[in-house]
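Residues per chain, in single letters:
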Amino acid sequence: AQKVTQAQTEISVVEKEDVTLDCVYETRDTTYYLFWYKQPPSGELVFLIRRNSFDEQNEISGRYSWNFQKSTSSFNFTITASQVVDSAVYFCALSVPGTGRRALTFGSGTRLQVQP
Amino acid sequence: DTEVTQTPKHLVMGMTNKKSLKCEQHMGHRAMYWYKQKAKKPPELMFVYSYEKLSINESVPSRFSPECPNSSLLNLHLHALQPEDSALYLCASSQDLPGQGYSPLHFGNGTRLTVT
């Protein structure tokens, strides 16, 4: 079975601070995909990034960066110089291909509040 | 702007009412999904359609009835709901079929349902 743990329920920072959202996953499969989604108050889940299990290269996109470490089964997300618009709930998710597999396994989410 | 459109945005219905939620995507995606999301919880999978055929039903009560009239449209018919069914209902689509796991899900803004 697959499991995603986001231990941080809620984080509050002041604008321009850096913040890291933690994600730890569990799976026995060697092929899997990890995702981050952002859910602003409007409700829509916005896809941010996908990583496959064979690609441990970290990625940077503007103020966002992701650190994937198979050794610790973690896929952490860092926002540099946070802005008020970053306030949202962020979900980490896991997908494992295979017959009979379901769709995404979501973590419980981390609510990020960025104060002006 | 989201590429998955859901209507209505808000819906209030009584327990004896019949209503329908609608979802539309024009990305040529092969799979469409219904998720239910309670406050401060991650989305929970309800149904998946693959090539317009129901492929996954996560033991959802029969008062929820999905329908996929064509590859672009997905409906969720509601009848005799309970107050505990009040939630955000999210539609999503993906290029991949469930079990492939690679493609991200594209979500709509959701319908916020209140059952009185």
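Further up the page is the structure itself.
Points about the overall build of chain A
Looking only at helices and strands, one finds zero helices and twelve strands in chain A. Each helix and strand of chain A, ordered N terminal to C terminal, gives the series β-β-β-β-β-β-β-β-β-β-β-β. Across its three principal directions, the C-alpha atoms of chain A cover 45 × 30 × 20 Å. Among the 116 residues that make up chain A, the fraction classed as buried is 45%. Sequence-distant contacts, at least 24 apart, represent 57% of the contacts inside chain A between residues at least 6 apart. Just so you have it, chain A exposes about 5,700 Å², and 46% of that area is on carbon and sulfur atoms. Where the 11 positive side-chain charges of chain A centre and where its 12 negative ones centre are 7 Å apart.

A short note on the state of the cysteines
Tallied over the entire structure, the rule returns two disulfides over all chains. The disulfide partner of Cys23(A) is Cys92(A), and the S-S distance across this bridge is 2.0 Å. Note on the Cys23(A) and Cys92(A) pair: the S-S dihedral is about -65°, so by sign convention the disulfide is left-handed. Pair noted here: Cys23(A) is in the loop between strand 3 (19-21) and strand 4 (24-26) and Cys92(A) is in strand 10 (residues 88-95), with a separation of 69 residues, a long-range link. Here Cys23(B) engages in a disulfide with Cys91(B); their sulfurs sit 1.9 Å apart. Disulfide Cys23(B)-Cys91(B): torsion about the S-S bond near -70°, hence left-handed. Separated by 68 residues along the polypeptide, Cys23(B) in strand 3 (residues 18-25) and Cys91(B) in strand 9 (residues 87-94) bring together distant segments of the chain. In this pair, the class of Cys23(B) matches that of Cys91(B), namely buried. No disulfide involves Cys68(B); its sulfur sits 9.2 Å from the nearest other cysteine sulfur, which is in Cys91(B).

Examining the environment of Glu59(A)
Residue and element names in this part refer to chain A. Note that Glu-59 resides in strand 7 (residues 59-61). When the C-alpha atoms of Glu-59 and Phe-77 are compared, they prove to be 9.8 Å apart, with 18 residues separating the residues in sequence. Not counting residues within four places of it along the chain, the set of residues in contact with Glu-59 comprises Ile-49, Arg-51, Tyr-64, Ser-65 and Trp-66. A distance of 2.9 Å separates the side chain of Glu-59 from the side chain of Arg-51, its partner in a polar contact.

Overview of the interface of chain B and chain A
In this assembly, 25 residues from chain B lie in contact with 23 residues from chain A. Carbon and sulfur atoms make up 57% of the area that chain B and chain A hide from each other, which totals about 1,800 Å². Counting across the chain B and chain A interface gives zero salt bridges. At the junction of chain B and chain A, the tally comes to three residue pairs in polar contact (both at pLDDT 80 or more). Of all the secondary-structure elements, those providing two or more residues to the side of chain B that touches chain A are strand 4 (31-37) and strand 9 of chain B. When residues in the side of chain B that touches chain A are grouped by element, the largest group, three residues, is from strand 4 of chain B. A breakdown of the residues in the side of chain B that touches chain A according to their chemical character gives 13 nonpolar, eight polar and four charged.

Points about the nonpolar core
Grouped together as the largest cluster of nonpolar side chains are 24 residues, with contacts concentrated most on Trp36(A), Phe75(A), Phe77(A), Tyr90(A) and Leu112(A). Elements supplying a minimum of two residues to this core: strand 2 (10-14), strand 3, strand 5 (33-39), strand 8 (64-69), strand 9 (74-79), strand 10 and strand 12 (110-115) of chain A. The greatest single-element share of this core, amounting to four residues, is contributed by strand 10 of chain A. Listed in part, the 22 residues of the second largest apolar core include Leu21(B), Phe47(B), Leu78(B) and Leu113(B).

Rules used throughout
Residues numbered from 1 in each chain as written. Chains lettered and ligands numbered in written order. Predicted model: local features only at pLDDT ≥ 70, side-chain atom pairs only at ≥ 80, totals over all residues. Heavy atoms only, no water. Helix = DSSP H or I, 4+ residues; strand = E, 2+ residues; numbered from the N terminus. Buried < 20%, exposed > 50% of the residue type's maximum accessible area, 1.4 Å probe, protein only. Contact = heavy atoms within 4.5 Å. Areas by Shrake-Rupley, 256 points an atom, 1.4 Å probe, with all protein chains shown as cover. Lys, Arg positive; Asp, Glu negative; His and termini not counted. Charge placed at Lys NZ, Arg CZ, Asp CG, Glu CD. Disulfide = S-S within 2.5 Å. Polar contact = N/O pair within 3.5 Å; in protein donor to acceptor, adjacent residues only side chain to side chain. Buried area = accessible area lost by both parts, 1.4 Å probe. Salt bridge = Lys/Arg side-chain N within 4 Å of Asp/Glu carboxyl O. Nonpolar A, V, L, I, M, F, W, Y, C, P; charged D, E, K, R; others polar. Core = buried A, V, L, I, M, F, W, Y, C linked by side-chain atoms within 4.5 Å.

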